[in-house]
Amino acid sequence: MTDAPPLPALYHRRLRCTLHIPPGAQLAQARAWADAVFTNEAPDPEEAADTAGAASPMPTGDASAREQAAGFAQLTVRLAGALLRLARVPAFGPATVVELLPPAAGPGWPLQCALPQVDYLDSRLYERALDLARGWVMDRAVTPFDPDQVSALQDAVWRGPVAALMPMAPGAASTFPVLQAAWQADVPLLHLNGGVFQLGWGSRARRLDRSTTDRDSAIGAKLTGDKNWTARVLRDAGLPAPVHALVDSPEQALAAAQAMGWPVVIKPLRCEGGDGVTVDIRHAAQVHLAMETARRAGGSPVLVEKQVPGLCHRVLVAFGAVLYVVRRGPLSVVGDGQRSIAALVQAAAERRARLAPWDRAAGDYVLDHLALETLSAAGHTPDEVPAPGSTVALRPAESATWGRHDEDVTRQTHRDNADIAIRAARLLNLEVAGIDLVTTDISQPWHHNGAVINEVNFAPLLGGGETSRRHLPLFIQHLMGGSDGRLPVEAFVGGDGAVAAARERQKAHARAGHSAHIALADQIVLPDGQTRRLAVRGLAAHCRALVLDAAVTRIIVVVQDDECLDQPWLLDRLTAVFTPEPGPGAPPAADYGPEGIYGRLASRLLALCPTAR
């Protein structure tokens, strides 16, 4: 339990606590609960061995007690990592036990662990996650496993530990799934602050905030923040946009609706996700309520818009192309020709209840007043048996609150519809944009059926639905240009001879047409051989500065002491490790041997070289 990783500070945060294992605790019992409740968190392969003897309560023998305590420690640390991820903290990678000591002054086992590091987060977030995991494991270890209680316990975890941690997590709804896709693609991540992340190093790095990139325009963000401004720009560019009017009162709204012709839509000027939107307004009596709904969500003025036939289709444009298209209908059930609408709703509700709360989409399947009104307006009754494959809406429109029924229609999308979506994103200087196209048939060109671009969304939600999650690997591939974002990094280990060899290597790269920066503990050597002082100290800090510099294309690191073993070390992949021969006046040759300081440093660094494995 005391073996350290190749570089122990490879972006892990060290924490300490004490495990108090209650009498009669059963490791197998706690593991059964954990595997059932945390369904999206499979045990690490390295933890498979900790189940030996787990079917019995804590034994009294020292060796057996230590083995059991090791199992509880591993489970606690793994669940601390799981809680962080459920709270949308991108703490990817293994959560490990560094050291477990036998009880000394008291009955508890002192534990030191390492959780994946995310910079600039409150240290209490990690401490709280570990404390919650420890309490949860010990409680489950003395509670007989009951499969019927798993769903209730998942809800309790979601409302309790996860809800307690989530306010301290960085980023918004899109941030975590995008970063998870990047991690799975082996792209290194660095939290800059405020939920903004850097993916990759130096000249190969890209930066993200939610789904927005470093190439999304601030001007585009401003224009898309106002639906009226967006529509004006679209119309001026010859793109189809809705007809609408800005109003401040119900009287103005009624006059605008009568001038446009019913039905109309009334919605806030700046809200997202369908908040405050009322659709299918067909008479004056609905206008006052719709105005009040829009004002509560987004204030005044509000938009009165001529309703366009059809459904909203989210066209996700990224990097100058359409990534996917989803037809967004209201929360619905799909007929099977056998069950009634009421039975289909009940079955959908039961399926949703079986999912962990963190896996559930928005929207409740229930025949409430709004559902009954929606059914009646469409000519349906709860006892009706809909035809196989037919969709029956339970809400008047889709929204972030009511939920939606999504269908992937990427392949059916007409090229002219894809074209106007790409043009709209380019017009507003957005590398990533959610274009909402309202059309009766996405397979027909917009100019044949009167389709319009209803909205252009800055920072569109990514990873919120099945189709979006399926396309995240492609999103990351395009974002990073097909690479993992890392730069070539060579390490030279030793005394003054290592510095001289690094400078010669830099010159060789220059002769080959490549520029390389050298990182030393006290300075940077630029590609032209000039030195630069930075307002940081230590080799790890200088490496971090180079990783953040978009002008850096290649890094040479000179390692002369073990400082890098005690500081957060960003460079998790090295191209090569060199140990130059010591020159005159160099440290003793023994320092370069297997047991010497430079020999040990080189051995540790070689663990980061794929070619040496």
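Since the structure is predicted, the reported quantities are computational estimates derived from the model, not experimental observations.

### Description of the overall build of the protein chain
- Summing up its helical and strand segments, the protein chain has 17 helices and 24 strands in all.
- Taking the principal axes of its C-alpha atoms as reference, the protein chain extends roughly 90 × 70 × 40 Å.
- When the 613 residues of the protein chain are sorted by exposure, 48% land in the buried category.
- Within the protein chain, residue pairs in contact and separated by at least 24 positions form 71% of the contacts whose partners lie at least 6 positions apart.
- Looking at the protein chain, you have 58 positive and 65 negative side-chain charges, and the mean spots of the two groups are 4 Å apart.

### Focus: the packing of aromatic side chains
- Taken as a whole, this structure holds eight aromatic pairs when the rule is applied.
- Ring centres of F319 and F475 lie 5.2 Å apart, and the angle between their planes is 50°; on these two criteria the pair is classed as tilted. In this pair, F319 is assigned in the loop between β12 (311-318) and β13 (321-330) and F475 in helix α14 (residues 466-479), connecting sequence segments 156 residues apart.
- Overall, the relative accessible area of 1% leaves F475 in the buried class.
- Counting every residue linked through ring pairs, the aromatic cluster contains F38, W136, W158 and W358.
- The lysine or arginine in question, R140, covers the ring of W33, its NZ or CZ lying 4.7 Å from the ring centre.
- The ring of W229 carries R270 above its face, with NZ or CZ at 5.8 Å from the centroid.

### Some points on the sheet that holds strand β2 (residues 96-100)
- Taken in spatial order, the three strands line up as β1-β3-β2 in an open sheet, and their pairing is antiparallel. Two strands bound the open sheet, and with one partner strand each, they are β1 (12-19) and β2. Taking the axes of each pair of neighbouring strands and ignoring which way they run, one obtains an average angle of 25° across the sheet.
- Pairing geometry for β1 and strand β3 (residues 109-116), over eight bridges, is antiparallel. Bridge pairing links H12 to P116 in β3.
- Against the sheet, helix α3 (residues 123-141) makes contact with β1 and β3, and its axis sits at roughly 40° relative to β1, the strand it touches most.

### Considerations on the pairing of strand β6 (residues 206-209)
- Burial along β6 is one-sided: the face carrying R206 and L208 is buried and the face carrying R207 and D209 is not.
- Looking at chain direction, strand β5 (residues 196-199) and β6 are connected through four bridges and run antiparallel. Paired with F197 across the bridge in β6 is L208.
- The loop that links β5 with its antiparallel partner β6 comprises six residues; one of these, G200, has a positive phi angle of about 90°.
- Pairing between β6 and strand β7 (residues 212-213): two bridges, direction antiparallel. Bridging across to β7, L208 finds its partner in T213.
- In textbook terms, the turn of a hairpin is the stretch between consecutive antiparallel strands, and for β6 and β7 this stretch comprises two residues, one of which, R210, has a positive phi near 60°.

### Observations concerning the sheet that holds strand β22 (residues 531-532)
- The six strands are arranged β22-β21-β20-β23-β19-β24 in an open sheet whose pairing can be described as mixed. Where the open sheet ends on each side, the last strands, each with one partner, are β22 and β24 (576-578).
- Docked against the sheet, helix α16 (residues 539-547) engages β20 (517-519), β21 (524-525) and β23 (555-559), running at close to 175° with respect to β23.

### Overview of helix α5 (residues 175-184)
- Among the 10 residues in α5, seven count as buried, and that is most of the element.
- For α5, the set of buried residues is T175, F176, P177, V178, L179, A181 and A182.
- D186 sits one or two positions beyond α5 and adopts a positive phi of about 65°.

### What to know about the packing of α5 against α14
- Interhelical geometry of α5 versus α14 gives an angle of 70° and a closest axis separation of 9 Å. Here α5 lies roughly perpendicular to α14, going by the angle between them. By crossing handedness, the relation of α5 to α14 is classed as right-handed. Residues P177, V178, A181 and A182 of α5 form the contact with α14, whose own contacting residues are L472, P473, F475 and I476.
- Its residues assigned to classes, the contact of α5 with α14 comprises eight nonpolar, no polar and no charged.

### What to know about the nonpolar core
- Core analysis: the largest hydrophobic core is formed by 76 residues, its most contacted members being V37, F38, F72, W136, L199 and I476.
- Take this core: its biggest share by element is 13 residues, from helix α2 (residues 62-86).
- With near-sequence residues (within four places) excluded, I476 lies in contact with V178, A181, A182, A185, V187 and L199.

### Let's talk about the pairing of strand β9 (residues 264-268)
- In terms of burial, β9 is largely enclosed, as five of its five residues are buried.
- Pairing between β9 and strand β11 (residues 302-306): five bridges, direction antiparallel. The residue bridging V265 from the neighbouring strand is E305, located in β11.

### Some points on the packing of helix α8 (residues 250-260) against helix α9 (residues 284-298)
- Running from N to C, α8 and α9 point in directions that differ by 125°, and their axes come no closer than 9 Å. The angle between α8 and α9 places the two elements in the oblique class. Considering how the two elements wind past one another, α8 and α9 form a crossing that is right-handed. Between α8, through P250, E251, A253 and L254, and α9, the contact on the second element is made entirely by A284, V287, H288, M291 and R295.
- When grouped by side-chain class, the residues that make up the contact of α8 with α9 number six nonpolar, one polar and two charged.

Criteria and thresholds
In this numbering scheme, every chain counts its residues from 1 along its sequence in written order. Totals for whole chains, interfaces and linings use every residue, but because this is a predicted model, local features are given only for residues with pLDDT of at least 70 and side-chain atom pairs only at 80 or more, for both listing and counting. Only hydrogens and water are set aside when side-chain values are computed; all heavy atoms of the structure are taken into account. Going along the chain from the N terminus, every DSSP run of H or I of four or more residues is numbered as a helix, and every run of E of two or more is numbered as a strand. Relative accessible area decides the class of each residue, using a 1.4 Å probe on protein chains only: under 20% of the type maximum gives buried, over 50% gives exposed, and in between gives partly exposed. By definition, residues are in contact when any of their heavy atoms lie within 4.5 Å. Charge assignment in this entry is limited to Lys and Arg as positive and Asp and Glu as negative, and neither His nor the chain termini are counted. All charge positions are set by atom: Lys at NZ, Arg at CZ, Asp at CG, Glu at CD. Side-chain rings of Phe, Tyr and Trp, where Trp is taken by its six-membered ring, are said to pair if the distance between their centres is within 6.5 Å; with planes under 30 degrees apart they count as stacked, over 60 as edge-to-face, and otherwise as tilted. A ring has a charge above it when a Lys NZ or an Arg CZ is no more than 6 Å from the ring centre and no more than 35 degrees off the ring normal. When DSSP locates at least two bridges between a pair of strands, those strands are taken to pair. Angles here are taken between N-to-C directions and fall from 0 to 180 degrees, while the axes themselves are lines fitted to C-alpha atoms, restricted in helices to the stretch in contact. We call two directions roughly parallel when the angle between them is under 35 degrees, roughly antiparallel when it is over 145, roughly perpendicular when it lies between 65 and 115, and oblique otherwise. Should the near helix be turned anticlockwise from the far one by less than a right angle, the crossing is termed left-handed; should it be turned clockwise, right-handed. Note on residue categories: nonpolar means Ala, Val, Leu, Ile, Met, Phe, Trp, Tyr, Cys or Pro, charged means Asp, Glu, Lys or Arg, and polar means any other residue, Gly included. Here, the term nonpolar core denotes a set of buried Ala, Val, Leu, Ile, Met, Phe, Trp, Tyr and Cys residues that are joined through side-chain atoms within 4.5 Å.

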